[in-house]
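Structural characterization, general
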Amino acid sequence: MKIEIDNLEFGYSSDTLVLKGISCTFDKPEFVCIMGPNGVGKSTLIHCLNKILKPSGGSVFINGKEVRDYKLKELSAHMGYVPNASEDVFPLSVVDTVMVGLQNDHKFGTSQEDLKKVYDVLRMMKIQHLAMRDFNQLSAGQHQKVMLARGLVRTPEVVLLDEPTSNLDIKHQLEVTRVLSKLPAQKNMLVIMISHDINISAKYADRIIMLHDGGIFADGTPQEVLTKDNLRTVYGVDADVVDVKGRPHVILNDSYDEDDIV
């Protein structure tokens, strides 16, 4: 699947644009992390890709066809989406909750093939032991892993993830990000993830898109994007960037006066 973004603009009001002149292309399986400060438009960008939001200007093309011309069901057949810390409530078991992600694949009943897909993705997320648990009784971290499984169960060509590891401890953040980073090679998928964790993104991403002031400030490999100057401009922080096994690792320099602490 090829996604082309051409001069995309979006504003929640007529006089203020959140996104301005966004142009980029996704044309191969890869693991892409979208980064930038809070409020810069990361979630807004992916919501313009999956038709949750309608752009104020510019266009988004999927395989040469504008997103606005897709029916939602048609788009969902190719694109998965996992929101940030979903508050969905399902009075269902984990298996049945993940099965919801296959709802467009059948009309009645559940086949053995459906169950195999569900258990395969539960094993991939290492939560197969939760299969028969009540979804509403899970912890926040378990809840998020089930929502990830639901978004991946169809093995879509593209999956959009809005901070999917935000409720996970560091061990499970690494575990989940490692799984996601392998999907392009293993499943021929394009994985686009919003992330605030600079070093985890640096360790696993094929490509990082850094947003700043409504536009794309940098787009490239972690080595190209995560530089001392870029971090200072976009995040307003002083940091050293060192090489660790061929990947950049960011070390923040926090110098302050005690009088500044409130």
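What you see is a predicted model; the values in this text were computed from it and never measured. (Residues numbered from 1 in each chain as written. Predicted model: local features only at pLDDT ≥ 70, side-chain atom pairs only at ≥ 80, totals over all residues. Heavy atoms only, no water.)

Sheet architecture is open: six strands sit in the order E6-E7-E8-E3-E9-E10, paired in mixed fashion. The two strands at the open ends of the sheet, each matched to only one other strand, are strand E6 (79–82) and strand E10 (215–220). Taken pair by pair, the neighbouring strands of this sheet meet at an average axis angle of 15°, ignoring direction. Note: strand E3 (residues 31–35) against strand E8 (residues 190–194), four bridges, orientation parallel. Residue Ile-34 lies in a different strand from E8, and its bridge partner there is Ile-194. Along the sheet, helix H6 (residues 170–187) makes contact with E3, strand E7 (158–162) and E8, crossing E8 at roughly 145°. (Pairing = 2+ DSSP bridges. Helix = DSSP H or I, 4+ residues; strand = E, 2+ residues; numbered from the N terminus. Axes fitted to C-alpha atoms, helices over the stretch in contact; angles between N-to-C directions. Contact = heavy atoms within 4.5 Å.)

With that settled, consider the sheet that holds strand E1 (residues 3–10). Taken in spatial order, the four strands of this open sheet run E2-E1-E4-E5, and their pairing is antiparallel. Among the strands making up the open sheet, the edge pair consists of strand E2 (19–26) and strand E5 (65–66). In terms of strand pairing, E1 meets E2 through five bridges, oriented antiparallel. Each bridged residue has a counterpart across the sheet, and for Phe-10 the counterpart in E2 is Leu-19. Across the sheet, helix H1 (residues 42–49) touches E1, E2 and strand E4 (57–62), and the angle it forms with E1 is around 125°.

What follows covers H1. A large share of H1 lies buried, amounting to seven of its eight residues. Every buried residue of H1 is accounted for by Lys-42, Thr-44, Leu-45, Ile-46, His-47, Cys-48 and Leu-49. A positive phi of about 75° marks Lys-51, the residue just after H1. (Buried < 20%, exposed > 50% of the residue type's maximum accessible area, 1.4 Å probe, protein only.)

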